[in-house]
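Listed below, chain by chain, are the residues.
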Amino acid sequence: MTDNASDKPAANGQGQAMWGGRFSAKPAELMQAINVSIGFDKRLWAQDLAGSRAHARMLISQGVIAREDGEEILKGLDAVEGEIVAGAFPFRDEYEDIHMNIEARLRELIGPTAGRLHTARSRNDQVAVDFRLWVREACERSAGQLEALQRALVAQAEAYADALMPGFTHLQPAQPVTFGHHLMAYVEMFGRDAGRFRDARARMNECPLGAAALAGSPFPIDRHQTAASLGFDRPTANSLDSVSARDFALEALSAASITATHLSRLAEEIVLWTTPMFGFIKLTDAFTTGSSIMPQKKNPDAAELIRAKVGRILGSLTTLTVVMKGLPLAYSKDMQEDKVPTFEAFDALELSLLAMAGMVSDLTPNTERMAAAAGAGFSTATDLADWLVRELNMPFRDAHHVTGSAVKAAEGKGVDLAELALADLQAIEPRITSEIYTVLTPAASAASRMSYGGTAPAQVRAQIARWKELLG
């Protein structure tokens with residue numbers, strides 16, 4: 001994917017090498033095998049055609065090529081697109097990449113006029129614009145898929161805004177929360193993920209087309225015209241940077257890796273929640289599989305596979321980072337290795353986002369099981385400490401100590417805090433009154449957390465309303 005001398009001389013369909021004037025012999029078969037990229041970069045066909053059309057129209061308007069030649073080129077590109085859409089396009093290894101494949105086929109269709117399309121353009125800026133267009137679209141898709149997942153989470157959160165469950169720290173019962181509140185935590189995470197994709201898209205929205213090989217073009221081209229026609233905000237401002245930059249892909253892969261990490265965390269919780277030991281949720285047959293030997297099994301394989309995708313996506317980020325880390329300006333053939341990891345990462349991310357949205361919509365919580373677990377492990381201990389601070393004006397550290405003694409007493413009697421006799425509590429702190437029992441139930445604990453962003457059902461519903469408005 002370069003106009004540099006490391007390329008092999010590809011035939012142009014009429015026996016003449018497209019760039020082979022410098023060469024007198026064909027490359028070795030191994031050179032052909034390592035050099036060819038059409039097997040994967042044919043995914044860029046739509047972007048390559050879009051860039052070629054924009055370039056051709058600009059060449060016409062600037063008088064760089066004759067209008068009749070430009071119109072013939074545009075008709076030829078339409079014919080090429082028709083063949084690709086119909087599955088009739090002859091993708092050929094001998095032409096190395098998508099750019100040369102399309103140009104060669106264009107020459108076969110319209111003759112030598114096709115060669116005028118490459119005026120004031122290099123494969124270096126051509127692939128840069130194609131890849132930037134593809135990554136831009138991938139960011140847009142990912143943001144949209146994240147919003148669909150958020151809507152699924154909001155719908156479940158709204159249905160179960162009051163459903164009690166244990167909140168955890170260190171995977172130990174900490175304080176009661178609601179299932180709706182827990183799901184809304186992921187809505188916030190995925191909202192930030194969507195924002196990262198939008199930020200990446202905004203930063204990459206500059207057009208490298210017209211930078212040519214690395215130094216710009218002597219022809220009177222209008223880079224602002226091609227940028228505008230391709231939906232870019234502006235042309236890139238430095239020709240060297242234009243053809244050598246791949247940080248737009250690195251940033252997109254960074255956003256994808258963080259998103260995959262969040263998906264993995266939710267997937268892990270789904271795996272835990274579906275175990276008999278938790279029993280918090282059930283998934284239907286649509287998102288579970290069975291065992292080849294154990295008939296009773298119903299495995300959350302979709303969640304487990306999503307959990308694993310972060311390895312592939314993060315690996316893609318690492319791969320491209322290592323490819324780019326030591327490259328001098330401007331273009332090097334190493335950069336051909338940018339596409340496979342990026343394609344693979346976004347394929348994996350798209351599948352994960354779609355599957356997670358499906359699972360979230362599919363799951364049914366066991367509200368009785370969750371509510372029973374919400375009171376386990378002395379989860380209202382902090383409520384006792386807070387009551388001592390509010391009602392007895394006790395310093396929190398003293399209240400913490402008193403509450404720890406109460407937990408120890410309850411544990412010794414094999415009861416929960418709410419079941420501990422008033423006399424037992426007063427033996428620890430005489431000023432405690434029967435009012436203490438109003439805060440020692442999980443429901444009372446959750447309802448009391450009325451601070452902004454807290455787990456009180458009223459606060460949860462407020463956040464649900466906010467997100468429903470944001471998501472439209």
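Residues numbered from 1 in each chain as written. Predicted model: local features only at pLDDT ≥ 70, side-chain atom pairs only at ≥ 80, totals over all residues. Heavy atoms only, no water.

## Description of the overall build of the protein chain
Of regular secondary structure, the protein chain possesses 18 helices and six strands. Computed over its C-alpha atoms, the radius of gyration of the protein chain comes to 31 Å, more than 25% above the 23 Å expected for a compact globule of 472 residues. For the C-alpha atoms alone, the extent of the protein chain along its principal axes is close to 100 × 55 × 40 Å. In the protein chain, once contacts between residues fewer than 6 apart in sequence are set aside, the share between residues at least 24 apart is 74%. As displayed, the protein chain has an accessible area near 21,300 Å², and 54% of this comes from carbon and sulfur atoms. (Helix = DSSP H or I, 4+ residues; strand = E, 2+ residues; numbered from the N terminus. Rg over C-alpha atoms; globule rule 2.2 N^0.38 Å. Contact = heavy atoms within 4.5 Å. Areas by Shrake-Rupley, 256 points an atom, 1.4 Å probe, with all protein chains shown as cover.)

## Thoughts on the pattern of salt bridges
In the structure shown here, the tally under the stated rule is 26 salt bridges. Between arginine 203 and glutamate 251 there is a salt bridge; the shortest N-O distance is 2.6 Å. Of this pair, arginine 203 sits in helix H7 (residues 179-204) while glutamate 251 sits in helix H10 (residues 247-273), and the two are 48 residues apart along the sequence. Relative accessible area serves as the criterion here: at 24%, glutamate 251 is assigned to the partly exposed category. Residue arginine 307 pairs with glutamate 268 through a salt bridge whose shortest N-O separation is 2.5 Å. Taken together, the residues arginine 307 in helix H11 (residues 301-324) and glutamate 268 in helix H10 connect sequence positions 39 residues apart. What makes arginine 307 partly exposed here is its relative accessible area of 30%. (Salt bridge = Lys/Arg side-chain N within 4 Å of Asp/Glu carboxyl O. Buried < 20%, exposed > 50% of the residue type's maximum accessible area, 1.4 Å probe, protein only.)

## Structural notes on the state of the cysteines
Taken as a whole, this structure holds zero disulfides when the rule is applied. Cysteine 139 takes part in no disulfide bond, and the closest cysteine sulfur to it belongs to cysteine 207, at a distance of 17 Å. Judged by relative accessible area, cysteine 207 falls into the buried class, the value being 0%. (Disulfide = S-S within 2.5 Å.)

## Remarks on the confidence of the model for the protein chain
For the protein chain, per-residue confidence averages 92 on the pLDDT scale, and residues scoring 70 or more make up 94% of the total. Across residues 1-17 the pLDDT falls below 50, and counting only partners more than four positions away or on other chains, this stretch makes 62 contacts in the model. (pLDDT = per-residue confidence, 0-100.)

## Side note on the packing of H11 against helix H12 (residues 339-362)
One way to put it is that H11 packs onto H12 with a least axis distance of 9 Å and a crossing angle of 155°. One finds that H11 runs roughly antiparallel with respect to H12. When the axes of H11 and H12 are compared, the crossing they make is left-handed. Facing Ala302, Ala303, Ile306, Lys309, Arg312, Ile313, Ser316, Thr319 and Leu320 of H11, the residues of H12 in contact are Pro341, Thr342, Glu344, Ala345, Ala348, Leu349, Ser352, Ala355, Met356 and Met359. For the contact of H11 with H12, the per-class residue count stands at twelve nonpolar, four polar and three charged. (Axes fitted to C-alpha atoms, helices over the stretch in contact; angles between N-to-C directions. Parallel < 35°, antiparallel > 145°, perpendicular 65-115°, else oblique. Left-handed = near helix turned anticlockwise from the far one by under 90°. Nonpolar A, V, L, I, M, F, W, Y, C, P; charged D, E, K, R; others polar.)

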